[in-house]
Amino acid sequence: MAGDEEYYGKNGEPKKYDPTFKGPIQNRGCTDILCCILFFLAILAYIAVGILAWTQGDPRKVIYPTDSRGQFCGHAGTPLENKPLLFYFNIMKCASPMVLLEFQCPTTQMCVEKCPDKFMTLVKAYSNKNDFDYYKNFCQEGVTNTMGVPQILQLKLCPAMLIPSTAFTRRCFPALGQKGGVITVGNNSKFDDGTGNMRDAKDLVDGVKNATVVIEARQVVMKIFEDYTRSWYWILIGLVIATLTSLLFIVLLRFLAAIMVWIMIVLVILVIGYGIFHCYMEYAALKEAPGANVTLQDLGFQTDFAVYLQIQQTWLAFMIILAIVEVIIILLLIFLRKRILISIALIKEASRAVGHIMSSLFYPLFTFLLLTIVIAYWAVTAVFLSTSNEAVYKVFNESVCDYSRTNCDPANYSSSDMKKQCPDSQCLFAFYGGETLYHKYLIGLQFYNVFLFFWCANFVTALGQMTLAGAFASYYWAFVKPDDMPTCPLFSSLGRSLRYHTGTLAFGSLILSIIQIIRVLLEYLDHKLKVAQNKFAKFLLCCLKCCFWCLEKFVKFLNRNAYIMVAIYGKNFCTSARDAFFLLMRNMIRVAVLDKVTDFLLFLGKLLIVGLVGVFAFFFFSGRVKAFENTAPSLHYYWVPILTVVVGSYFIAHGFFSVYAMCVDTLFLCFLEDLERNDGSPERPYLMPESLRKILNKKNKSQPAQ
């Protein structure tokens, strides 16, 4: 007895029997009011930041290429509307290492209607009127037939030469080819650079590489975008199939919980087993294929991801990963086989609760809508903030110059002292920036945008958890189900959460958001320190990342249970978190085994739905099945729709099963309180279902005969 008192003293007092307690308290007051006020002020400031960004930003800066004057090529309603392509006067200057740092070639850039399709120098074109008229399409304004070649080149009004080019991501790049292993341009291995010197075509390669280093990823993005435009309706069909499969699984779980759990376990093992078998068959098929033994390290990064599927090591890696997952699942099932029976009973009761509150299955759609609004607002604000800088012009030069890379004004640069001291320099558009008060605090505004995104997203998630917890708690504590339940338990719980506990939701989500923003900063520091050689700093950073990851998981777990206690008793966040923590600590063995086994079984359900839909999507989009060869769309990367369907299926399954998970967690806490409040006597009967009472050897004693 003394031991029990000492144990309960450390972990709080157990709940006492209260004959007036009938579930979630109706007579409650507002909690954590200060945090509620702070949250609303932060939202108002967030709206102000969005309005400021929308008035200052210009998304065209990330869509259209920009010439040396900061004008947008091809933008409708501007003088350059019919000139959508960007032309470089001297592409070889893009070979400078500074391009990789400043993302700007130190050469004049102008918008043109089409790329040059013939090779000529200014000297040769000047002697022929028709050629010179064609050449002037690639010159700046102000070039006349009366001007001499030296004057034109001195004023940098025209390029010294034109090279046959092709348009790539709205930019003109030399049309390089290869003949007999030699790099060519315009079918020639050498070209005149406009100054009388003959250059090798391979000299253009470095310039083209550096000019495209920033936009190589854009080519992949464009191909992925094209794949989406060709397969979007099939992706939607796949997601609809995932939704119907999840809904069917939930309905079957309602009536056949035990059978469905065992079927789910067996099917998950079979689906992963088939994945291992398929990977082995692909691995064996590539055994004799030439070049298939190349390692992933030797292959490096390739924009055509289908290349990776042509080497053995890729399939070997997939096979090993799936085999490890299979072994872990089988071992867990062997060691936890006795606890699975208790978990099945808990899932059965959760199925009954969901059956009485069917509207709870559709609540994730409301959460998804709110999260979509939050994500959209954050993304649009981020784009407008990142494009709200002003055009910054810098001095670009070929020879030594004291003013190199300093700011300049293109309007009067030709008569400035900088031009006089550096005659061969130019004042070109460099990037978007600014030195006003707004631009100085732009990074701070971006940081605030990210922080409020975390806060609002966590708030929406917390609102869903508290709403569902209140609804399912009203089911558990109802003595006669469903007669003693509220008419609309879900909407009643949502109303209580918003009316009384907005501050509590904001408080819990604020704590989680602070931890998440610290993790973002640690990832940023880790990215910056990758080139550093300080091993101690890397080790310390790694430890901090690990600690904050664990802290985030713990806070999420604590918040979730705190919201359940708030939904039931209507107390503030700190009191509810303490009560939930002590309640779980007093039942540590049950928490560590029973609750986590149930979560594991629900995870297997999500894994099964994702696996079934993913296998179907793989055979359809890859064209491995002859019946789908003519139906499946032609794609650059068939893994794009497959991955989209798989990820989307997981989120859909997670949305449905999150209701079950919240139901199980709520019923579990109520179940623990039921054990403390009641003893099974006629005056204090257990409210837990009979199936759980049998497994736990608990029973309600009958009334004594009169």
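Here the structure is a predicted model, which is why all the values come from computation and not from measurement.

A. The pattern of salt bridges, seen in detail. The final tally for this structure, using the stated rule, is 9 salt bridges. Here Arg 560 and Asp 665 are joined by a salt bridge, their closest N and O atoms 2.5 Å apart. Placement of Arg 560 in helix 20 (residues 535–569) and of Asp 665 in helix 23 (residues 639–677) is noted, with a sequence separation of 105 residues between them. A residue is classified by how much of its surface remains accessible, and Asp 665, at 8% relative accessible area, is buried. The shortest N-O distance in the salt bridge between Asp 579 and Lys 571 comes to 3.9 Å. Overall, Asp 579 belongs to the buried group, its relative accessible area being 15%.

B. Highlighting the side chain of Thr 367. Assignment of secondary structure puts Thr 367 in helix 14 (residues 363–386). Setting aside its immediate chain neighbours within four residues, Thr 367 contacts Val 460 and Gly 464.

C. Local environment of the state of the cysteines. Under the counting rule described, the total for this entry stands at 3 disulfides. There is a disulfide in this structure between Cys 115 and Cys 172, and the S-S distance comes to 2.1 Å. Its S-S torsion of about -90° marks the bond between Cys 115 and Cys 172 as left-handed, since a negative value means left-handed. Of this pair, Cys 115 sits in the loop between strand 2 (109–112) and strand 3 (120–121) while Cys 172 is found in strand 6 (residues 171–174), placing the two residues 57 residues apart along the sequence. With respect to burial, Cys 115 and Cys 172 carry one shared label: buried. Disulfide partner of Cys 139: Cys 158, at an S-S distance of 1.9 Å.

D. Geometry of empty space enclosed by the protein. For the structure shown, the criterion picks out 1 cavity of 30 Å³ or more. Space inside the largest cavity adds up to approximately 100 Å³. Phe 87, Tyr 88, Phe 89, Asn 90, Ile 91, Met 161, Leu 162, Ile 163, Ser 165, Cys 172, Phe 173 and Pro 174 are the residues that line the largest cavity. Sorting the residues of the lining of the largest cavity by element identifies strand 1 (85–88), strand 4 (161–162) and strand 6 as the ones contributing at least two each. For the lining of the largest cavity, the element with the most residues is strand 6, which contributes 3 residues. Grouping the amino acids of the lining of the largest cavity by side-chain chemistry returns 10 nonpolar, 2 polar and no charged.

E. Focus on helix 18 (residues 489–500). In this model, helix 18 (12 residues) spans 16 Å end to end at C-alpha, consistent with the 16 Å of a helix rising 1.5 Å per residue. Residues Pro 489, Leu 490, Ser 493, Leu 494, Arg 496, Ser 497 and Tyr 500 constitute the buried set of helix 18.

F. Fine view of the layout of surface pockets. The volume enclosed by the largest pocket comes to roughly 1,900 Å³. Around the largest pocket sit 50 residues that line it, and Thr 461, Gln 465, Arg 560, His 654 and Ser 658 are the ones nearest its centre. When residues of the lining of the largest pocket are traced back to their parent elements, those giving at least two are helix 14, helix 17 (442–476), helix 19 (502–528), helix 20, helix 22 (588–621) and helix 23. Here the element with the most residues in the lining of the largest pocket is helix 23; it accounts for 13 residues. Of the residues in the lining of the largest pocket, the class split is 26 nonpolar, 16 polar and 8 charged. Looking at the second largest pocket, its volume works out to about 1,100 Å³. Lining the second largest pocket are 29 residues, with Leu 322, Gly 614, Phe 618, Ile 642 and Val 646 sitting closest to its centre. If you list the elements that add at least two residues to the lining of the second largest pocket, you get helix 10 (257–285), helix 12 (312–335), helix 22 and helix 23.

Criteria and cut-off values
- Residues numbered from 1 in each chain as written.
- Predicted model: local features only at pLDDT ≥ 70, side-chain atom pairs only at ≥ 80, totals over all residues.
- Heavy atoms only, no water.
- Salt bridge = Lys/Arg side-chain N within 4 Å of Asp/Glu carboxyl O.
- Helix = DSSP H or I, 4+ residues; strand = E, 2+ residues; numbered from the N terminus.
- Buried < 20%, exposed > 50% of the residue type's maximum accessible area, 1.4 Å probe, protein only.
- Contact = heavy atoms within 4.5 Å.
- Disulfide = S-S within 2.5 Å.
- 1 Å grid on protein atoms, 1.4 Å probe; cavity = no way out; pocket = protein on both sides within 12 Å on 5 of 7 lines; lining within 4 Å.
- Points joined across faces, edges and corners; volume = space filled by probe spheres on them.
- Nonpolar A, V, L, I, M, F, W, Y, C, P; charged D, E, K, R; others polar.
- Expected span 1.5 Å × (residues − 1).

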